[in-house]
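Chain by chain, the residues:
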Amino acid sequence: MTALNSVLAAVTDRVIERSKASRARYLALVAGERDSGLGRTHLSCSNLAHGFAAAEGDKPAIRGGRAFNIGIVTAYNDMLSAHQPYGRYPEQMKIFAREAGATAQVAGGVPAMCDGVTQGQPSMELSLWSRDAIALSTAVALSHGMFEGVAMLGICDKIVPGLLMGALRFGHLPALLVPAGPMPSGLPNKEKQRIRQLAAQGKVGQEDLLEAEAASYHSPGTCTFYGTANSNQMMMEMMGLHMPGAAFIQPGTKLRQELTRAAVHRLAAIGSQGNDYRPLGHCIDEKAIVNAAVGLLATGGSTNHAIHLPAIARAAGIVFDWEDFDRLSGAVPLIANVYPAGPGDVNHFHAAGGMAFTIATLLDAGLLHRDILTVGGRDLGDYAKTPALEDEHLVWHDAPAEPLDRSMLRPVGDPFHADGGLRLVAGNLGRGIFKTSAVDTARMTIEAPARVFDDQAAVNAAFKAGELDCDVVVVVRFQGPKANGMPELHKLTPPLGVLQDKGYKVALLTDGRMSGASGKVPAAIHMTPEALGGGPLSRVRDGDLIRLCATRGTVEYLGDAREFAARDPVSMPDQPAGTGRELFALFRGQTDGAEQGASPLLAAAGL
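All values reported here derive from a predicted model rather than from experimental measurement.

Chemist: Go over the nonpolar core with me, naming the residues and quoting the values.
Modeler: Soluble globular proteins tend to bury their nonpolar side chains together. Counting residues in each nonpolar core, the largest one holds 156 residues, and the members touching the most others are L164, L241 and F320. Per element, the largest residue contribution to this core is nine residues, and it comes from helix α14 (residues 286–299). Excluding anything up to four places from it in sequence, F320 contacts V15, R18, I289, V290, A293, L309, P310, A313, F325, L328 and E595. Core analysis: the next-biggest nonpolar cluster, separate from the first, contains 26 residues, L509, M527, A531 and A550 among them.

Written as structure tokens, this is what we have:
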């Protein structure tokens, strides 16, 4: 067996040591809930009768307590392509459960918000908070005590982290995630990017732009670029919370259905009454969290998980921060080249060897913990396999010995970059995340005067007016979690990309979010402390010289430090009401910082 990489071992030891007290408290909760927490045996006759009243053919089994009962928590809606396929899942899963001598009920639904629909809109200010609303909804669904296991139907940005944060409060139950897969590939990504940039310059009209977007996002299934949704699916494989290889099988296929059947059967086999008990709270441990971070770095995944992964970890009593990301980044090479880093999408990544090859090559290099408790196999080694159908039966084949398309995927010994896709940058302007995987090496250091804005609409207006045709560090502040819910600022990518293509030195500095779609422009994002409350960004002025350097891991104001510190912080402009934003004032008031996961729930609960 390959020896564990020394950096991976040291980071894991650091996480374990810092998490000792909080992890012990969490595991005590799991044990207590397993031994004496709410379950069907504790329900009164009236409670139980309400719980099986509509169960129809499954009523005798649920009533008699003879069968393992699966609670399905679903993010189904038919507006969003990624979640539309889930509409038929519950009825199928009930059949699959009966095949395994179990039963299944829909425990509840959770909201599924799409950043693709809300980008640049006021509703984006609800986006991050939807994660915590999903966690609350998951807890409500599971609080009835009717279930011995949990099947979670969710894919996209905040849905998977929210489902896990809620389900981890019921960590004594076995739980797994059931994906639905990506849509087929549409308009090539380079062409989509070209049309977007032409539109930003006013050279393409709305109808042509809409036609291009509709050709890109065109059918049921997850969007195919490597943003937060597909990074979620990658991480669930790295943590062993899917059936092996389930992440990127397309919807509506026989293989997709058989993986769902296998997931239900497997869930029924890993309950507390059997001989292979695998509770969620033990599956998600320090090693699993480190594996997820390694996967994110090795594949150039979404920067949103610099927020979500610490929050998931924290819900399991584990302390994981950006320094852990940064240390791992120095040891983990970038071995995938998925759009926006490269030309191909997740379907091309899967065809090149996908998750099976990725896990196999990282395991061979000692860059993953093999010995984690997975839901679908003996250990993580079983995830270095690809599912297939043979004579209508589900089988798994070993990963290919070599990637099938080296423009998409490479072995650890021949990576695209020697280090991972994320870096911690820190200095007198705070701490932030820099996604390096899509940025040209010549742009890893940008030094230029600041131009300061309080929202992304003002940036776009300045761009259209020609005011940004120069070397510039665009500072967009008052976009943090306390200020306005930390909206994603993806609308900035096309105009800043245009400026960069004109030959200017351009960078972005913000306490807001970007995603896997952040693209080729150097950016220090998620800056903390945020501007609201007196963070350093509140003292930056137009013309201040700023240096952002991913190579050195720094983000600095280059003027007089004493004069900078003596400046009065700028106040945040009044925030408009509407689109339900005012209903989330409690969340904004309770949240903590981005590096801790920006979760009002976890902060208020003292977790």
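Chemist: Tell me about the environment of G480, and name the residues and values.
Modeler: With respect to the secondary-structure elements, G480 resides in the loop between β10 (472–476) and α20 (481–484). In this structure the C-alpha to C-alpha distance between G480 and H526, which are 46 residues apart in sequence, comes to 7.3 Å. The contacts of G480, once residues within four sequence positions are left out, are G485, M486, D511 and E530.

Chemist: If you had to explain the pairing of strand β6 (residues 393–398) to someone new, which residues and values would you point to?
Modeler: Both strand β5 (residues 385–390) and β6 contribute to a ladder of six bridges, which runs antiparallel. Looking across to β6, one finds that L389 is bridged to L394. Here β5 folds back onto β6, and the loop between the two strands holds two residues, one of which, D391, carries a positive phi near 55°.

Chemist: Report on the layout of surface pockets, specifying residues and quantitative values.
Modeler: Approximately 630 Å³ is the volume attributed to the second largest pocket. Residue lining of the second largest pocket: 33 residues in total, with G39, R40, F147, E148 and S272 positioned closest to the centre. Put simply, the parts of the chain that give the lining of the second largest pocket at least two residues each are α2 (20–36), α4 (59–64) and α12 (254–269). Considering every element that reaches the lining of the second largest pocket, the biggest residue donor is α2, with four residues. When the residues that make up the lining of the second largest pocket are grouped by side-chain class, the tally is 14 nonpolar, 13 polar and six charged.

Chemist: Requested: an account of the pattern of salt bridges, with residues and values cited.
Modeler: Under the counting rule described, the total for this entry stands at 41 salt bridges. Put simply, R98 and D58 hold a salt bridge, and the shortest N to O gap is 2.9 Å. With R98 in helix α5 (residues 89–99) and D58 in the loop between α3 (45–52) and α4, the pair connects residues that are 40 residues apart, well separated along the chain. Look at R98 and you get partly exposed, because its relative accessible area is 43%. Residue class for D58 comes out buried when judged on its relative accessible area of 6%. When the shortest N-O distance is used, the salt bridge between K94 and E91 registers 3.6 Å. Placement of the pair is K94 and E91 together in helix α5, with a separation of three residues, close to one helical turn. The exposure class assigned to E91 is exposed, which follows from its relative accessible area of 53%.

What counts as what
- Residues numbered from 1 in each chain as written.
- Predicted model: local features only at pLDDT ≥ 70, side-chain atom pairs only at ≥ 80, totals over all residues.
- Heavy atoms only, no water.
- Core = buried A, V, L, I, M, F, W, Y, C linked by side-chain atoms within 4.5 Å.
- Buried < 20%, exposed > 50% of the residue type's maximum accessible area, 1.4 Å probe, protein only.
- Helix = DSSP H or I, 4+ residues; strand = E, 2+ residues; numbered from the N terminus.
- Contact = heavy atoms within 4.5 Å.
- Pairing = 2+ DSSP bridges.
- 1 Å grid on protein atoms, 1.4 Å probe; cavity = no way out; pocket = protein on both sides within 12 Å on 5 of 7 lines; lining within 4 Å.
- Points joined across faces, edges and corners; volume = space filled by probe spheres on them.
- Nonpolar A, V, L, I, M, F, W, Y, C, P; charged D, E, K, R; others polar.
- Salt bridge = Lys/Arg side-chain N within 4 Å of Asp/Glu carboxyl O.

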